[in-house]
Amino acid sequence: MAASIVKNFTRRNYCIREIKHLQLCPVSSKFANQTMLKDVFRSSWYSSFFRSDQTKSSNNKITDHQDSPDIAPTKPKRPPNVFLLFTQSIQDEILRAHPGFNRREIIKEATKRWSELDPETRSRLSLERKALYDKFKEDETYYLENRTSEQINMEKMEKVKKEMKKIKKARRDLGMPGKPCTAFSQFLSENFPKRSHESVQVFFKGLKEKWNWMPEDEKNVYYEKSRVSQEQYKQDMARWEESMIEAGRFDVIRKKTLTKLKQAEREWEKNKVT
């Protein structure tokens, strides 16, 4: 039973991985319009500040850990700015007056009311925010002094993930060429439009079996397509990285390219000395 579950889980993940890679391949307009590959956007836009007790609960956790030194302290969360505190305070009032408002409309209404707010109320909210920030700095100091080695390692990993995500976005915005398709992905991109009412997993399983039993001479067609796309990718990547070097954007260049540049620079310095 357990082996069957693991096998199915592995097969499903492989299917998802191949389909994600498939989205990089050129496909027909019919295939591109299928709902199974439409992007799913997730948004956490201003999600945290709609819970007004969030900062309070975070501070309470810190206090509890201060009383229990054997428990790993919880990292405090920075309090929202003055405007978001104001939005929290009038959120229920806005929703009562406008029950159908979404978050964007709530922010728009709060911005309007904020511009009409009297100086005394703004000053009071600023003092409240300052008190929250002072408490946050106190809890942060305690956390930094008492965090465990596991927490330190986790924070380092999170920092690396954020940096990689930032670099990935910058590369995408700067037009970095996408990775070429494998031979199997080329085969998928050609045959997936033929799917009718079968589920993605069932149809993918059928294509995988068809690929495994396909004669080598038929597979060579897709291997050739993959080889051509690989060569094109190398040329496009070389041109793109050259343009990034000229623009001084070394932060988005691949690590292996930077290593080659450093080696070439060391060789040039060596020859210059001799």
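For every chain, the first residue of the written sequence is number 1, and numbering continues from 1 onward in sequence order. Where totals are concerned, whole chains, interfaces and linings use all residues; where local detail is concerned, this predicted model gives features only for residues with pLDDT of at least 70, and gives and counts side-chain atom pairs only at 80 or more. The side-chain values count all of the structure's non-hydrogen atoms but skip hydrogen atoms and water molecules.

## A look at the overall build of the chain
Numbered from the N terminus, helices here are DSSP runs of H or I no shorter than four residues, and strands are runs of E no shorter than two. Counting its regular elements, the chain contains eleven helices and zero strands. In the chain, the succession of α and β elements from N to C terminus is α-α-α-α-α-α-α-α-α-α-α. When a residue's accessible area, from a 1.4 Å probe over protein chains only, is under 20% of the maximum for its type it is buried; when over 50% it is exposed; and in between it is partly exposed. Every one of the 274 residues in the chain was classed for burial, and the buried ones make up 28%. A fraction of 67% describes how many contacts in the chain between residues 6 or more apart in sequence connect residues 24 or more apart. It only takes one pair of heavy atoms within 4.5 Å for two residues to be counted as in contact.

## Observations concerning the packing of aromatic side chains
When two rings of Phe, Tyr or Trp (its six-membered ring) have centres within 6.5 Å they constitute a pair, described as stacked for plane angles under 30 degrees, edge-to-face for angles over 60, and tilted for the intermediate range. Summed over the entire model, instances satisfying the criterion amount to eleven aromatic pairs. With centroids separated by 5.4 Å and ring planes inclined at 65 degrees, the aromatic side chains of F192 and F203 adopt a geometry described as edge-to-face. Here the residue F192 occupies a position in the loop between α8 (183-191) and α9 (200-212), and F203 occupies one in helix α9, the gap between them amounting to eleven residues. With a centroid separation of 6.1 Å and 65 degrees between ring planes, the pair formed by W211 and Y222 is classed as edge-to-face. Taken together, the residues W211 in helix α9 and Y222 in helix α10 (residues 216-247) connect sequence positions eleven residues apart. Residue W211 is classed as buried on the basis of its relative accessible area, which comes to 7%.

## Side note on the nonpolar core
For soluble globular proteins, the rule of thumb is that nonpolar side chains tend to be buried together. Side-chain atoms within 4.5 Å are what join buried Ala, Val, Leu, Ile, Met, Phe, Trp, Tyr and Cys residues into a set we call a nonpolar core. Core analysis: the biggest nonpolar cluster contains twelve residues, these being V82, F83, L84, F86, I90, I94, I106, I107, A110, W114, L117 and L125. Those elements giving two or more residues to this core turn out to be α4 (82-97) and α5 (103-115). Of all the elements, α4 adds the most residues to this core, at six residues. One finds A183, F203, F204 and L207 within the second-largest nonpolar core, a separate group that totals eleven residues.

## What to know about a positive patch on the surface
Candidates for patches are residues over 30% relative accessible area with no salt bridge; among them, like charges are joined within 9 Å and nonpolar side chains (Val, Leu, Ile, Met, Phe, Trp, Tyr) within 5 Å. Surface accessibility in these figures is a Shrake-Rupley result with a 1.4 Å probe; residues are shielded only by whichever protein chains are displayed. Criterion for a salt bridge: a side-chain nitrogen of Lys or Arg within 4 Å of a carboxyl oxygen of Asp or Glu. For the charge count, each Lys or Arg is scored as positive and each Asp or Glu as negative, with His and the chain ends excluded. A charged residue contributes its charge at one atom only: NZ of Lys, CZ of Arg, CG of Asp or CD of Glu. On the surface, a cluster of positive charge is made up of K179, K234, K256 and K260. If you trace the backbone, K256 turns up in helix α11 (residues 255-273). On the basis of relative accessibility, which here comes to 52%, the residue K256 falls in the exposed class.

## Looking at the pattern of salt bridges
Taken as a whole and assessed by the stated rule, the structure comprises 13 salt bridges. D139 is paired through a salt bridge with K135; the nearest N and O atoms lie 2.9 Å apart. Of the two residues, D139 and K135 are both situated in helix α6 (residues 119-146); the distance of four residues between them amounts to about one turn of the helix. With a shortest N-O distance of 2.5 Å, R147 and E155 are connected by a salt bridge. A single network of salt bridges, built from pairs that share partners, joins E93, E109 and R113.

## Details of the packing of α4 against α6
Taken N-terminus to C-terminus, the directions of α4 and α6 make an angle of 110 degrees; their axes are 9 Å apart at the nearest point. Relative to α6, the element α4 is oriented roughly perpendicular. Contacts between α4 and α6 pair V82, L85 and F86 from the former with L125, S126, R129 and L132 from the latter. For this classification, Asp, Glu, Lys and Arg are treated as charged, while Ala, Val, Leu, Ile, Met, Phe, Trp, Tyr, Cys and Pro are nonpolar and the rest, including Gly, are polar. Across the contact of α4 with α6, the residue classes break down as five nonpolar, one polar and one charged. Axis definition: a line fitted to C-alpha atoms, limited for helices to the stretch in contact. Angles are taken between N-to-C directions and run from 0 to 180 degrees. Angle categories are assigned with fixed cut-offs, so that under 35 degrees is roughly parallel, over 145 is roughly antiparallel, 65 to 115 is roughly perpendicular, and the rest are oblique.

## Focus: the packing of α4 against α5
Between α4 and α5, the shortest axis-to-axis distance is 9 Å and the interhelical angle comes to 110 degrees. With respect to each other, α4 and α5 are oriented roughly perpendicular. Remark: the crossing between α4 and α5 carries right-handed chirality. Between α4 and α5, the residues in contact are V82, F83, F86, T87, I90, E93, I94 and L95 and I106, I107, E109, A110, T111, R113 and W114, respectively. Of the residues that constitute the contact of α4 with α5, the class distribution is ten nonpolar, two polar and three charged. Left-handed describes a crossing whose near helix is turned anticlockwise from the far helix through less than a right angle; right-handed describes the clockwise counterpart.

## Let's talk about the confidence of the model for the chain
Per-residue confidence from the predictor is reported as pLDDT, which spans 0 to 100. Confidence in the prediction of the chain, expressed as mean pLDDT, is 78, and 74% of residues score 70 or more. When pLDDT is averaged over each helix and strand of the chain, the minimum, 39, is found for helix α2 (residues 29-32) and the maximum, 93, for α5. Ignoring residues within four places in sequence, the model shows residues 1-67, a span with pLDDT below 50, making 87 contacts including any to other chains.

## Section: helix α7 (residues 149-173)
Helix length check: α7, at 25 residues, gives a terminal C-alpha distance of 36 Å against a target of 36 Å (1.5 Å per residue), a fit within 8%. Within the sequence span of α7, burial applies to Q151, A170 and R171. Packing partners of the buried residues in α7 comprise α6 and α10. Just downstream of α7, G175 is the residue with a positive phi angle, here 80 degrees. Helices are assigned an expected span. That span is 1.5 Å times one less than the residue count.

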